[in-house]
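# Coordinate inspection notes
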Amino acid sequence: MKAVIVNEDKSLSWTEADTPSPRDNELLVKVGATAINRADLMQRRGLYPPPPGASPVMGLECAGEVVEVGSHCSRFKVGDQVCALLPGGGYAEYVTVDEGSALPIPEGLDAASAAALPEVFATAWLNIFMEAALQPGEKVLVHAGASGVGTAAIQLCKAFGSPCFVTVGAASKLEACLQLGASAGSNRHEGSFLGKAREFAGDTGIDVILDPVGGAYLADNLELLGLGGRLVLIGLMGGAVTEINLAQMMMKRARVIGSTLRARPLAEKAAVMSQLEEKVWPKIRDGEIKPIIEKIFPIEQVEEAHALVASDTTIGKVILAVSPSGSS
Ligand SMILES: NC(=O)c1ccc[n+]([C@@H]2O[C@H](COP(=O)([O-])OP(=O)(O)OC[C@H]3O[C@@H](n4cnc5c(N)ncnc54)[C@H](OP(=O)(O)O)[C@@H]3O)[C@@H](O)[C@H]2O)c1
């Protein structure tokens, strides 16, 4: 098969690689499309190694057709169309997938659209609804609102009855977030989000913050949290080290929760996927929630696709079409 390999000079090549064999709990999937995640840019630079046992090939999600089934798999059969969370290996013609990390492609979606779903909806669902236990009507702050994760988070907040405020890096991104269902937002290049977010939060403050920025935003995030507020930290784009006002945390009975998806045990990922299938997949089938796609590239143009993601200009996902079924 072919896969994307990182060369010594960090350039990328679509080249021959060994086809993986499924373990007893795994499916072998012929990849129609995969998608780029921010983490891939770091893995490419050698800053985010795959967890032990995972493929060294980049790619945290895929959509495609099951072509082989491990002996302990019970749900899927050869020929089924699935999309899946992966610990790695998606930038390839074939990938092995733990059966619990796979879901049927929602009716009506092609492989390219389905490849936009697993990582960002699993991340947003896990952190907002499972870790932070968001309740309907509670107020949410989503940083990097136009990112893949952000566009999923906005749609989930809207669909489950919680108003949300976003931060973004451009006016066009704010407009896109408002169209997806955000109530208000602010542009990070026009000063702190604190003032506008306070207007949105009112006297009771923000209940849940989904934050991929970290250090640079911590003080303002804590300032905005209301009593019993939860801040879920999912990334460190704004630094890992900062000071924290513990008195503020204590008096607000606030919780700061650190969370990663990729390295979690398979059973925990399966629990997230199962909730997605039950609560979110019906809303995707009905068109209430949509995959948000900036652009689809053929996988041979993976370098250009990475550069586009790194430019911070994208809204939603950048997809890599691996076979003709993933390019429509
Ligand atoms: N913990 C987990 O399990 C997990 C899982 C998935 C993703 N994540 C994290 O979630 C974040 C979003 O991932 P993604 O793949 O959806 O990203 P993405 O689509 O590539 O979007 C990232 C966006 O973040 C904004 N940004 C970049 N640098 C920033 C900075 N220094 N401060 C504030 N904003 C900045 C930019 O948008 P603007 O210019 O519009 O602000 C950029 O377009 C990443 O940090 C990723 O590592 C974590």
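Just so it is clear, the structure is predicted and the values come from calculations on it, not from any experiment. (Residues numbered from 1 in each chain as written. Predicted model: local features only at pLDDT ≥ 70, side-chain atom pairs only at ≥ 80, totals over all residues. Heavy atoms only, no water.)

Further remarks concern the domain arrangement of the chain. Looking at the assigned domains, one finds that the chain contains domain 1 (2-117 + 262-326) and domain 2 (121-258). Inter-centroid distance (C-alpha atoms) of domain 1 to domain 2 is 26 Å. Every contact between the two is made by 21 residues of domain 1 and, on the other side, 20 residues of domain 2. Carbon and sulfur atoms make up 68% of the area that domain 1 and domain 2 hide from each other, which totals about 1,700 Å². If you sort the residues of domain 1 by the area they bury against domain 2, Arg264, Val272 and Ile315 come out on top, with a joint share of 26%. Counting the contacts that link domain 1 with domain 2 gives 2 salt bridges. Across the pair Asp312 and Arg188 runs a salt bridge, and its minimum N-O distance is 3.6 Å. Summed over the shared surface of domain 1 and domain 2, the result is 7 residue pairs in polar contact (both at pLDDT 80 or more). A total of 7 residues in the side of domain 1 that touches domain 2 trace back to one element, the largest contributor, which is helix H9 (residues 266-285). (Domains from an automatic or database assignment. Contact = heavy atoms within 4.5 Å. Buried area = accessible area lost by both parts, 1.4 Å probe. Salt bridge = Lys/Arg side-chain N within 4 Å of Asp/Glu carboxyl O. Polar contact = N/O pair within 3.5 Å; in protein donor to acceptor, adjacent residues only side chain to side chain. Helix = DSSP H or I, 4+ residues; strand = E, 2+ residues; numbered from the N terminus.)

Let us now look at the packing of aromatic side chains. For the structure on display, the rule yields 5 aromatic pairs. With a centroid separation of 5.3 Å and 70° between ring planes, the pair formed by Trp125 and Phe160 is classed as edge-to-face. Of this pair, Trp125 sits in helix H3 (residues 118-131) while Phe160 sits in the loop between helix H4 (148-159) and strand S9 (164-168), and the two are 35 residues apart along the sequence. A residue is classified by how much of its surface remains accessible, and Trp125, at 3% relative accessible area, is buried. An aromatic cluster is present here, built from Trp125, Phe129 and Phe160 joined pairwise through their rings. Just above the ring of Phe160 sits the side chain of Lys283; from NZ or CZ to the centre is 5.0 Å. (Phe/Tyr/Trp six-rings, centres within 6.5 Å; stacked < 30°, edge-to-face > 60°. Buried < 20%, exposed > 50% of the residue type's maximum accessible area, 1.4 Å probe, protein only. Lys NZ or Arg CZ within 6 Å of the ring centre and 35° of its normal.)

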